[in-house]
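Here is how the chains run, residue by residue.
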Amino acid sequence: MNEIITIASGTWKNVLRMKVVYFLIFCALVLVASAVNYDVLSLGLHKELMIDVALVLNSIAALLVVISLTFEIPKELREGVASTLLAKPLGRFQYLLGKMIGCMVTGAVICALIAVGSFIVFNIAFGQRIDLAMFQSHLLLILALIPMSALGVLFAVILPEVIAPIITVVVVWFAFSTKCLANIWGVYGGLLPDLDLFNFKANAVYQVNIPWMYVLLVAVWGICYAAFALSLASIVFERKDIK
């Protein structure tokens, strides 16, 4: 367990120690705050626009963290860092699990900072406390990092370094759009995670609370899917020749 935590801490420290991360968080909050100036263009819906912008930017932040994982694992494999780590009493599954946990923690910290910052901006701009639905919607986006991180690990292992980030973006976009695409095409195989289960922007905008039992069940579903994706990645990784 200590080895897994060590791998995970190395992953989140590499990202969270970079000053550019906090600059980007600041830029995201500036964009959120700018929504208050669109009261005329949005026909008086600037409050709803601010809530939606905050959730969209949080989704993008989560995706960027997952994409960084698809660069980090191939880089460690190419530079021999992974082989050094695996030479210690550390299995390949534990290595991948540590990377996934590190990605989840990194994404959770960054998304939480954006969420809290957007809540403060909302309170200053409109003099209102945040609604429960707003909090729940951001919480669900953070929980979406569980299956998203597992997908990042899977694609980082089975795909070339150049292709893995691109496929990750495409798959995550598709996974967030399964309901819409299913209505258009009438077909969805269910092999990819239905990340639309974590998408409740409309509830946040219209202040419709989400049942806590639903949040719990979606979290459990995300953990189960992550276990499946990580197991598949581990099977492929066990057969991979690491120099």
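See the structure shown above.
Residues numbered from 1 in each chain as written. Predicted model: local features only at pLDDT ≥ 70, side-chain atom pairs only at ≥ 80, totals over all residues. Heavy atoms only, no water.

(A) Broad picture of the packing of aromatic side chains. This structure, assessed with the given rule, holds seven aromatic pairs. Consider the rings of Y95 and F237, whose centres lie 5.9 Å apart with planes at 20°: the pair is stacked. Of this pair, Y95 sits in helix α5 (residues 92-126) while F237 is found in helix α11 (residues 212-238), placing the two residues 142 residues apart along the sequence. Taken individually, Y95 and F237 each receive the classification buried, so the pair is uniform in this respect. By the ring-pair criterion, three or more aromatic residues cluster together here, those being F198, W221, Y225 and F228. Lying across the ring of F126, K47 places its NZ or CZ 5.6 Å from the centre. (Phe/Tyr/Trp six-rings, centres within 6.5 Å; stacked < 30°, edge-to-face > 60°. Helix = DSSP H or I, 4+ residues; strand = E, 2+ residues; numbered from the N terminus. Buried < 20%, exposed > 50% of the residue type's maximum accessible area, 1.4 Å probe, protein only. Lys NZ or Arg CZ within 6 Å of the ring centre and 35° of its normal.)

(B) Structural view of the packing of α5 against helix α7 (residues 145-158). Relative to each other, α5 and α7 sit at 135°, their axes nearing to 9 Å. Comparing their axes, α7 and α5 come out oblique. Crossing handedness for the pair α5 and α7: right-handed. Between α5 and α7, the residues in contact are L96, M100, C103, M104, G107, A108 and C111 and L145, I146, S149, A150, V153 and V157, respectively. Along the lines of polarity and charge, the residues of the contact of α5 with α7 split into 11 nonpolar, two polar and no charged. (Axes fitted to C-alpha atoms, helices over the stretch in contact; angles between N-to-C directions. Parallel < 35°, antiparallel > 145°, perpendicular 65-115°, else oblique. Left-handed = near helix turned anticlockwise from the far one by under 90°. Contact = heavy atoms within 4.5 Å. Nonpolar A, V, L, I, M, F, W, Y, C, P; charged D, E, K, R; others polar.)

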